[in-house]
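Residue-level listing of the chains:
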Amino acid sequence: MTTELLPSPAPVEAPQPRPRIFSGIQPSGIVHLGNDLGAIRNYVMLQWEYEAIYCIVDYHALTSTHDPAVMRQRTREMAASLLALGLDPERCTLFVQSHRPEHAELMWLLTTVTPVSWLERTPTYKEKKQNQPDDINHGLLTYPVLQAADIAIYKAGLVPVGKDQAAHLEISREIVRAFNNRYGVTFPEAEAVYTEAPVVLGTDGVRKMSKSVGNTIEILGSPDEICKQVMSMVTDTKRILRTDPGRPEVCNVCQMHRFFGDDWEEIQDGERTARTGCVDTKKLLAARIIEHYAPARERYAELMAHPAEIDGILEAGADRLKPLAQATMDEVRTKMGLR
Ligand code: TYM
């Protein structure tokens, strides 16, 4: 007698966990074009492919913001901004750093493998020492260790950021390497992921766009404000007369057009041949930015009118991360001989 074998069923593949990414943003009260083009666009895109964790870093912000009411308000505003710009709480986890206090504990443990000299040479520390000479608090020095802890606690491998965070990311990698060497491999050395605009210059056309410099375009601000900020932008400083040919490659306004519309070549050509003047190019950019962010502006206003909804999303985010953060802390405490 022969036994007929039934064809074996196709193997069922277990769903693969999505690789994990992490990023953080300070509750600075405003979201500017540099934040969006340099980082937030990537947050939104990557939430589809990765297990994405995004954090509003209020502990970090305490190094410069000391008013509790301002801190609370800005934290909520930043959450509303990120949601309005496309973060989907069904696709990613959005939370507030201080709602997961394990970040602070891990930071302390990581300070013990971090030489002070690494922190003293951090460019942002040197900058802050100049910008806020009356408030050089210890948090400014330890800032990169907390950033390393933010990433390490979730064992994230990729970090979407702008280029200004490159030095911090490098220190994060050095810190986890030092930990891994001393206590055994525990954390991945996370890599930065950049957008097509890793450094967005401010309206002065020289320094990176930043709230502390005051050269921002506040994308969720009123159309009038956006218009004023764009019209104040410095263009090609060598183009004096309207009839002078422009140099689109050095004109910040022209460079920004690249991200708003599909006629960038034409716009560059217009400047190069003096067919269009700087004022024309700015007016067009302002109109496009206002139009591009109009739905987000609307959504932002809706969210801010329902703060309980925002708070609920943030709370759920922090709760969802609890087991992950606690598992890492258990592992780290054991490896360091704390239990
Ligand atoms: P923050 O709040 O200064 O900026 C948030 C994100 O926006 C990017 N960005 C820019 N990108 C291009 N051009 C610009 N002009 C520009 N301005 C801001 C920043 O690179 C950043 O990605 N230290 C961080 C927050 C942080 C963090 C972390 C980031 C804390 N822990 C862990 C990553 C992982 C900061 O102050 O970002």
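Higher on the page you've got the structure.
Below: a short report on this structure. Computed from a prediction, not measured in an experiment: that's the story for all the values here. (Residues numbered from 1 in each chain as written. Predicted model: local features only at pLDDT ≥ 70, side-chain atom pairs only at ≥ 80, totals over all residues. Heavy atoms only, no water.)

**Quick notes on the overall build of the protein**
Within the protein one finds 14 helices and five strands. Its C-alpha atoms give the protein principal-axis dimensions of about 85 × 75 × 40 Å. Summed over all atoms, the accessible surface of the protein reaches about 17,200 Å², with 55% contributed by carbon and sulfur. Between the averaged position of the 38 positive side-chain charges in the protein and that of its 46 negative side-chain charges there is a distance of 4 Å. (Helix = DSSP H or I, 4+ residues; strand = E, 2+ residues; numbered from the N terminus. Areas by Shrake-Rupley, 256 points an atom, 1.4 Å probe, with all protein chains shown as cover. Lys, Arg positive; Asp, Glu negative; His and termini not counted. Charge placed at Lys NZ, Arg CZ, Asp CG, Glu CD.)

**Considering the packing of helix α4 (residues 102–111) against helix α7 (residues 138–152)**
Two elements in contact, α4 and α7, have axes whose closest approach is 8 Å; the angle formed by their N-to-C orientations is 120°. Between α4 and α7, the angle is such that the two are oblique. For the pair α4 and α7, the crossing hand works out as right-handed. Here α4 contributes H103, L106, M107, L110 and T111 to the contact with α7, which in turn contributes T142, V145, L146, A148, A149, D150 and A152. Taken together, the residues of the contact of α4 with α7 break down into eight nonpolar, three polar and one charged. (Axes fitted to C-alpha atoms, helices over the stretch in contact; angles between N-to-C directions. Parallel < 35°, antiparallel > 145°, perpendicular 65-115°, else oblique. Left-handed = near helix turned anticlockwise from the far one by under 90°. Contact = heavy atoms within 4.5 Å. Nonpolar A, V, L, I, M, F, W, Y, C, P; charged D, E, K, R; others polar.)

**As for the site of the ligand**
Taken together, 26 residues lie near the ligand, and Q26, Y143, D150, G162 and D164 sit nearest. In the environment of the ligand, a nitrogen atom lies 3.3 Å from a nitrogen or oxygen atom belonging to the backbone of G34. The protein chains hide 95% of the 720 Å² of surface that the ligand would expose on its own. Broken down by class, the residue content of the shell around the ligand amounts to twelve nonpolar, eleven polar and three charged. (Near = heavy atom within 4 Å. Polar contact = N/O pair within 3.5 Å; in protein donor to acceptor, adjacent residues only side chain to side chain.)

**A look at the pattern of salt bridges**
Under the criterion given, the structure shown has 21 salt bridges. Of the charged contacts in the structure, one is a salt bridge between D263 and R288, with a shortest N-O distance of 2.8 Å. Of this pair, D263 sits in the loop between α10 (252–257) and α11 (264–272) while R288 sits in helix α12 (residues 278–292), and the two are 25 residues apart along the sequence. Of the residues examined, D263 reaches a relative accessible area of 19% and is grouped as buried. (Salt bridge = Lys/Arg side-chain N within 4 Å of Asp/Glu carboxyl O. Buried < 20%, exposed > 50% of the residue type's maximum accessible area, 1.4 Å probe, protein only.)

**Things to note about the state of the cysteines**
Linking two cysteines covalently via their sulfur atoms produces the bond known as a disulfide. Under the defined criterion, the tally for this structure stands at zero disulfides. Here C278 stays unpaired: no disulfide links it, and the sulfur of C251, its closest cysteine neighbor, is 5.7 Å away. C278 sits in the buried class, given a relative accessible area of 16%. (Disulfide = S-S within 2.5 Å.)

**Considering the packing of aromatic side chains**
With the rule as written, the count across this model stands at six aromatic pairs. Plain terms: the ring middles of F22 and Y154 are 5.8 Å apart, the flat faces sit at 20° to each other, and that makes the pair stacked. Here Y154 lies in the loop between α7 and β4 (158–160) and F22 lies in strand β1 (residues 20–25), a separation of 132 residues in the sequence. Assigned by exposure class, F22 and Y154 land together as buried. With 5.2 Å between their ring centres and 55° between their planes, F179 and F187 make a pair best called tilted. We note that F179, like F187, is buried. Aromatic ring contacts, followed pair by pair, group F22, F95 and Y154 into a single cluster. Positioned above the aromatic ring of Y194, the side-chain terminus of K163 is 4.9 Å from the ring centre. (Phe/Tyr/Trp six-rings, centres within 6.5 Å; stacked < 30°, edge-to-face > 60°. Lys NZ or Arg CZ within 6 Å of the ring centre and 35° of its normal.)

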